[in-house]
Each structure stands twice: as C-alpha cells, then as structure tokens.
Amino acid sequence: MEANFYATLALTFKLAGLTTLVLCPIGLALGAYLAFKDGLLKLVIETLTWMPLILPPTVLGFYLLVLFAPENPLGAFLQKFNIHLVFSFSGLVLASVIFSLPFMVNPIQNALKSLPQSLKEASYTLGKSKTATFFQVLLPNIKPALLMAIITTFAHTVGEFGVVMMVGGNIEGETRVASIAIYTQAEANDLALANRYALTLSILSFVLLFSMLFVQKRAQAFYKF
C-alpha cells in the first residue's frame with residue numbers, strides 16, 4: 001500500500017512536470033504571437049486558448065476520448081503507428097497540455113504586452129533581429145511572469161480530475177494520479193488513505209500558491225522599478 005501511495009504521487013508529478021515542460025516553448029511562441037499580433041486570426045486563436053478555462057473539464061475530456069477512440073479515423077490512424085492515447089499515460093499528457101494551455105500562455109502574453117515598445121525599438125536600432133530581440137531583450141524582462149506561468153501550470157495539472165478521468169480512466173500505475181486516487185479511496189470508504197492523498201496535495205498547493213503570490217509581488221515591484 002505504501003509503495004502504491006508513492007507511485008501514485010510520482011506519476012502525478014511526472015504528469016505535471018512533462019505537461020509543464022511541453023507547454024513552455026508552446027506558451028512562449030503563442031504568448032508572443034497573441035501579445036504582438038492583431039486581427040481576426042489572433043482573436044480566434046486567443047478564444048481557443050481561453051476555452052479550456054470555460055468548458056467543463058468533462059466536456060473537453062469527452063471530446064478527446066471520442067477523437068482518439070480506435071473507432072474514429074484519427075484514433076485508427078494513430079493505432080497503425082502503435083500510438084494509443086485512450087486510457088494511457090501519453091493520452092493524459094496530451095489532454096493535460098490542452099487543458100493547462102491558458103495557464104502557461106496568459107501570464108506570458110500579459111507580461112510581453114506590458115513591456116514598453118522602446119525596448120524592441122532600441123534592440124532593432126542596435127541591429128538585433130526579431131528572434132534575438134525576443135530571447136535576449138524581452139524574455140529576460142518577463143522572468144517573474146514566466147516563473148508564475150510555470151508554477152500555475154504545474155499546480156493546475158496536479159489538481160486535474162475531470163479530463164484525467166475521462167481520457168485516462170483509473171488504471172493503477174498507468175493513469176491513476178492523486179486526484180483520481182482520492183476519489184477512488186473515498187468511494188471505497190478508505191478515508192484515511194484518501195485523506196493522506198488530499199493532505200499531500202493541500203500542502204503542495206499551499207507551497208505552490210505561496211510561491212506564485214511571492215513571484216507576483218516581486219514582479220509588481222520589478223515593473224514599478
């Protein structure tokens with residue numbers, strides 16, 4: 001039982017870590033696009049980015065489950081390459097990337113939009129390209145926001161339930177993360193073990209939330225300076 005407890009937590013943190021890692025470059029690219037571009041396409045992409053915050057997790061999970069099912073064209077195509085996304089850890093990662101996308105993109109987008117235009121203009125005057133300007137000038141100036149995006153993405157993924165349950169199910173050692181384990185143990189009337197999982201996630205949530213608020217306070221002081 002003890003081994004299962006730690007294995008479940010390890011799987012939870014592995015999912016959150018991989019999701020955050022995958023979303024970092026996506027968040028930087030998408031955040032930069034939404035911060036500096038304009039027009040109808042930008043509005044459509046921004047709406048799609050926000051949708052995971054509006055849709056019930058079970059709705060998103062249901063459509064992902066249907067989309068990747070072997071009976072559907074995409075699922076059948078993926079199976080030809082031995083890629084199984086339904087009730088698998090890989091499916092959990094993909095679902096978590098989609099569901100946690102706004103938590104990575106929005107802080108980066110807002111931070112880039114708040115930077116003065118003069119930073120880019122000065123960089124271009126010195127002969128730097130757009131790519132060099134982004135990585136050498138703009139990105140160092142949004143480090144607090146980037147750290148906040150990473151923390152919130154990780155924390156949000158740790159606490160996922162609806163999407164995880166729909167796409168991954170409850171397979172021990174494969175898709176049973178801590179949020180699912182709490183539900184499973186409570187349903188089995190093993191309240192002591194459910195409380196152990198819940199307390200662990202509560203402590204972790206406090207630490208991550210405290211870190212996020214601390215970073216936010218530092219960021220506000222940075223921008224005032």
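Residues numbered from 1 in each chain as written. Predicted model: local features only at pLDDT ≥ 70, side-chain atom pairs only at ≥ 80, totals over all residues. Heavy atoms only, no water.

1. Observations regarding the overall build of the chain
Line of reasoning, step 1. Scanning the chain from terminus to terminus reveals 11 helices and zero strands.
Line of reasoning, step 2. Seen in sequence order, the chain has helices and strands lined up from the N terminus as α-α-α-α-α-α-α-α-α-α-α.
Line of reasoning, step 3. Restricting the contact set of the chain to residue pairs at least 6 apart, pairs at least 24 apart contribute 71%.
Line of reasoning, step 4. When the accessible surface of the chain is split by element, carbon and sulfur atoms take 69% of a total near 12400 Å².
Line of reasoning, step 5. Side-chain charges of the chain comprise 14 positive and 10 negative groups, with the mean position of each set lying 17 Å from the other. (Helix = DSSP H or I, 4+ residues; strand = E, 2+ residues; numbered from the N terminus. Contact = heavy atoms within 4.5 Å. Areas by Shrake-Rupley, 256 points an atom, 1.4 Å probe, with all protein chains shown as cover. Lys, Arg positive; Asp, Glu negative; His and termini not counted. Charge placed at Lys NZ, Arg CZ, Asp CG, Glu CD.)

2. Observations concerning the UniProt feature "domain: ABC transmembrane type-1" (unreviewed entry) in the chain
Line of reasoning, step 1. In the numbering used here, UniProt assigns the feature "domain: ABC transmembrane type-1" (unreviewed entry) to residues 9-214.
Line of reasoning, step 2. Measuring from the first to the last C-alpha atom of residues 9-214 gives 25 Å, for a span that is 80% helix and 0% strand. (UniProt positions renumbered as here; feature names shortened; annotations may be inferred.)

3. Quick look at the environment of G173
Line of reasoning, step 1. If you trace the backbone, G173 turns up in the loop between α9 (162-168) and α10 (178-187).
Line of reasoning, step 2. Among the residues examined, G173 registers a relative accessible area of 63% and is labelled exposed. (Buried < 20%, exposed > 50% of the residue type's maximum accessible area, 1.4 Å probe, protein only.)

4. Overview of the pattern of salt bridges
Line of reasoning, step 1. For the structure shown, the criterion picks out two salt bridges.
Line of reasoning, step 2. Among the ionic pairs, K42 bridges to E46, the shortest N-O distance being 3.7 Å. A residue pair is termed a helical-turn pair when its members lie 3 or 4 positions apart in one helix, as K42 and E46 do in helix α2 (residues 40-54) at four residues. Pair check on accessibility: K42 and E46 agree, each one buried. (Salt bridge = Lys/Arg side-chain N within 4 Å of Asp/Glu carboxyl O.)

5. Digging into the packing of aromatic side chains
Line of reasoning, step 1. Inspection of every chain in the model, using the stated rule, returns eight aromatic pairs.
Line of reasoning, step 2. For the pair F5 and Y197, a centre-to-centre distance of 4.8 Å together with 40 degrees between the ring planes defines the contact as tilted. In this pair, F5 sits in helix α1 (residues 2-36) while Y197 sits in helix α11 (residues 191-224), placing the two residues 192 residues apart along the sequence.
Line of reasoning, step 3. Classification of F5 as buried rests on a relative accessible area of 3%.
Line of reasoning, step 4. For Y197, a relative accessible area of 3% puts it in the buried group.
Line of reasoning, step 5. Ring geometry for F206 versus F210: centroids 6.3 Å apart, planes at 25 degrees, classification stacked. Taken as a pair, F206 and F210 lie in helix α11 at a separation of four residues, close to a single helical turn. Here F206 and F210 have matching classes, each one exposed.
Line of reasoning, step 6. Members of the aromatic cluster, joined through ring pairs, are F5, Y6 and Y197.
Line of reasoning, step 7. Cation over ring: K14 sits above F89, and NZ or CZ is 4.9 Å from the ring centre.
Line of reasoning, step 8. A cation over a ring is seen here: R196 above F5, with NZ or CZ 4.0 Å from the ring centre. (Phe/Tyr/Trp six-rings, centres within 6.5 Å; stacked < 30°, edge-to-face > 60°. Lys NZ or Arg CZ within 6 Å of the ring centre and 35° of its normal.)

6. Details of unusual backbone geometry
Line of reasoning, step 1. Notably, N82 is not glycine yet its phi reads approximately 60 degrees, a positive angle.
Line of reasoning, step 2. Within the fold, N82 resides in the loop between α4 (73-80) and α5 (89-114).
Line of reasoning, step 3. Positive phi, normally seen in glycine, also occurs at N189, with a value near 65 degrees.
Line of reasoning, step 4. Looking at the element boundaries, N189 is found in the loop between α10 and α11.

7. Quick look at the UniProt feature "transmembrane region" (unreviewed entry) in the chain
Line of reasoning, step 1. The residues that UniProt annotates with the feature "transmembrane region" (unreviewed entry) are residues 15-36, 48-69, 81-105, 145-167 and 197-215.
Line of reasoning, step 2. For residues 81-105, helix accounts for 68% and strand for 0%, while the C-alpha atoms at its two ends are 31 Å apart.
Line of reasoning, step 3. Each end of residues 145-167 is marked by a C-alpha atom, and these two atoms are 30 Å apart; helix forms 87% of the span and strand 0%.

8. Considering a nonpolar patch on the surface
Line of reasoning, step 1. Nonpolar side chains collect at one region of the surface, where L199, I203, F206, V207, F210 and F214 lie side by side and expose about 640 Å² of accessible area between them.
Line of reasoning, step 2. Locating I203 in the fold gives a position in helix α11. (Patch = residues over 30% accessible without salt bridge, like charges linked within 9 Å, V, L, I, M, F, W, Y side chains within 5 Å.)

9. Re the packing of helix α3 (residues 57-68) against α5
Line of reasoning, step 1. Two numbers describe how α3 lies on α5: the axes approach to 11 Å, and their chain directions differ by 140 degrees. Looking at the two axes, α3 sits oblique to α5. Two packed elements cross with a definite hand, and for α3 against α5 that hand is right-handed. In contact with P57, L60, L64 and F68 of α3, α5 contributes L94, A95, I98 and F99. (Axes fitted to C-alpha atoms, helices over the stretch in contact; angles between N-to-C directions. Parallel < 35°, antiparallel > 145°, perpendicular 65-115°, else oblique. Left-handed = near helix turned anticlockwise from the far one by under 90°.)

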